[in-house]
Protein chains: 2
Amino acid sequence: MSNAEAAPSRVIAVYIYPGLTALDAIGPYEILRGLPGAVAQFVAEARGPIAADSGFLRLHADLACAEVAQADILIVPGGNAPAQMKNPAALDWLRRIHATTRWTLSVCTGSLILAAAGILAGGAAATHWSARETLLQFGVAPSRARVTRQGKIITAAGVSAGIDAALALAALECDQATAELMQLFVEYAPEPPFKAGTPETADPRVVDRARAFLRRAYPA
Amino acid sequence: MSNAEAAPSRVIAVYIYPGLTALDAIGPYEILRGLPGAVAQFVAEARGPIAADSGFLRLHADLACAEVAQADILIVPGGNAPAQMKNPAALDWLRRIHATTRWTLSVCTGSLILAAAGILAGGAAATHWSARETLLQFGVAPSRARVTRQGKIITAAGVSAGIDAALALAALECDQATAELMQLFVEYAPEPPFKAGTPETADPRVVDRARAFLRRAYPA
């Protein structure tokens, strides 16, 4: 950290809120926090511990939204997105930070929050597979790609897709070799033991169970 | 949470400590916390916020080691492992919890901590690619597999490998369909944009840069 001033600083603001899915935020954080000069900030409406959707984990927000006026990269995770989609103060802050970023990255249902803020308006975007219909209600075409770029807005599919998206973002922000350095740091040579990562490849009974799990985890 | 008593409870203890790599812990947590009856507990030597290796993030420990005497699944992340390898109280707690688990999962250099505790003794285990020599010093053969099982001990390679390992563990603990449900929940159909996820596949210049990055991040 003492060397942060040696390189041009890159401020990465990770917006966290009650009910977020922790991996949505931590995947991209772990990739991007290692970029040269990176300074990652976990930001919430108020400072302090923020409970994730499971109820079993709290991430600490070191800064309140009111203390952050600019970011080079903004990360918006998913999870209990509906509460944020109805939160005018959060949407206003996201709009103001987005106006200052080079890159705005949503993961999972974070793209619904960007759509509710009017940051995503039209075009195509990725989201969690279970939320494609909701994105469509905002006039945004749900992409089935794992990572979708629209100008400076990058949207990732569900949860773990934030890792792929952050690697793509790292290459755009720096260069491919730097992105590869971070890929090697996190030893990202995935070998999923099963093929159930998308609703198109999963057994239909697994899809049904997942929908029931999601209804319990994120009641409308 | 109100339904936790309906299913047999599975206690998942995630050991966190200053300098841990957050994704090592959060990847497996996000998979396993959704198993039926799962209760995840973030445990540290003392309750309160625990700073990750980047210095940019704090995870909250809700329980102190002294408050936790049993776990069905124990997760030991990597990061600043050397400090834990020289921490007799931590090693003693890990030994005592391991004696009560059905599964003990290390991620990244977490396997060095298991080796220092004598939990891993002989056989083969996975670790971060940069730590293979260190594991060998404990008489444990470093496996190049992404996930290695030795009885009830499952070791994952670096950082992101904890996701693959947790999916394998979920299938062992429950059944394949339940593991697939969690894979679909986190939409784990990875598409790394580059092939630099292992030192064998990365450009040698990227490996050199990664070694320098690691020396700065984790001074010996």
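This one's a predicted model, so the numbers in the text were calculated from it and none came from an experiment.

> Quick one: what's the story with the interface of chain A and chain B, residue by residue and with numbers?
Residue-level contacts link 72 residues of chain A with 72 residues of chain B. Sorting the residues of chain A by area buried against chain B places Phe56, Leu184 and Glu187 of chain A first, and these three jointly supply 14% of that buried surface. Between Asp53 of chain B and Arg33 of chain A there is a salt bridge; the shortest N-O distance is 3.2 Å. Applying the counting criterion to the chain A and chain B interface returns 37 residue pairs in polar contact (both at pLDDT 80 or more). Put simply, the parts of the chain that give the side of chain A that touches chain B at least two residues each are helix H1 (22–32), strand E2 (38–44), strand E4 (58–61), helix H6 (161–173), helix H7 (176–185) and helix H8 (204–217) of chain A. Ranked by residues supplied to the side of chain A that touches chain B, first place goes to H7 of chain A with ten residues. Considering only residue class, the side of chain A that touches chain B consists of 43 nonpolar, 15 polar and 14 charged.

> Describe the domain arrangement of chain A, with residues and values.
Residues and elements named next belong to chain A. Under the domain assignment, chain A is made up of domain 1 (3–189) and domain 2 (192–220). Between the C-alpha centres of domain 1 and domain 2 there is a distance of 23 Å. Counting from both sides, the interface comprises ten residues of domain 1 and, opposite them, seven residues of domain 2. Both sides of the domain 1 and domain 2 interface together cover about 630 Å² of buried area, and 62% of this is carbon and sulfur. Between the two partners, domain 1 and domain 2, sit two salt bridges. Between Glu200 and Arg132 there is a salt bridge, with its nearest N and O atoms 3.1 Å apart. One can count four residue pairs in polar contact (both at pLDDT 80 or more) joining domain 1 with domain 2. Of the residues belonging to the side of domain 1 that touches domain 2, the class tally is one nonpolar, six polar and three charged.

> Residues and numbers for the relation of the copies chain A and chain B, please.
Each copy superposes on the other: chain A lies on chain B with an RMSD of 0.0 Å after a rotation of 180 degrees and an axial shift of 0.0 Å. The symmetry that links the two subunits is that of a two-fold axis. Among all residues of chain A, the minimum C-alpha distance to the rotation axis is found for Leu59 of chain A, at 2.4 Å. Both copies share a contact surface, since 100% of the interface residues of chain A are interface residues in chain B too.

> Please give an account of the sheet that holds E2 of chain A that cites residues and values.
All names here are of chain A. Ordered in space as E5-E2-E1-E6-E7-E11-E10, the seven strands form an open sheet in which the pairing is mixed. Since the sheet does not close on itself, it has two edges, and those belong to strand E5 (63–64) and strand E10 (147–150), each with one partner. Summarising the sheet, strand E7 (residues 103–107) and strand E11 (residues 153–156) pair through four bridges and their orientation is parallel. Within the sheet, the bridge partner assigned to Thr104 lies in E11 and is Ile153. In this fold helix H3 (residues 88–98) packs onto strand E1 (10–15), E2, strand E6 (73–76), E7 and E11, with an angle of close to 150 degrees to the strand it touches most, E6.

Thresholds, definitions, all that
Note on numbering: residues in each chain are counted from 1, in written sequence order. Throughout, the order in which chains and ligands are written sets their labels, letters from A for the former and numbers from 1 for the latter. Under the rules for a predicted model, residues below a pLDDT of 70 receive no local features and side-chain atom pairs below 80 are neither given nor counted, while totals for whole chains, interfaces and linings still include all residues. In computing side-chain properties, one takes all heavy atoms of the structure into account and sets aside hydrogens as well as water. We call two residues in contact whenever any of their non-hydrogen atoms come within 4.5 Å of each other. Note: buried area is the sum, over both parts, of the accessible area (probe 1.4 Å) each one loses when the two are combined. A side-chain nitrogen of Lys or Arg and a carboxyl oxygen of Asp or Glu constitute a salt bridge if their distance falls within 4 Å. Here a polar contact means two N or O atoms within 3.5 Å. Within protein one must be a hydrogen donor candidate and the other an acceptor candidate, and residues neighboring in sequence count only if both atoms are side-chain atoms. Numbered from the N terminus, helices here are DSSP runs of H or I no shorter than four residues, and strands are runs of E no shorter than two. Under this grouping Gly is polar, as are all residues other than the nonpolar Ala, Val, Leu, Ile, Met, Phe, Trp, Tyr, Cys and Pro and the charged Asp, Glu, Lys and Arg. For the domains described, the bounds stem from an automatic or database domain assignment. Superposing copies: least-squares fit, C-alpha atoms only, residues required to have pLDDT of at least 70 in both. One bridge is not enough; two strands pair if DSSP finds at least two bridges between them. The convention used is that axes are lines fitted to C-alpha atoms, helices contributing only their stretch in contact, and that angles between N-to-C directions extend from 0 to 180 degrees.

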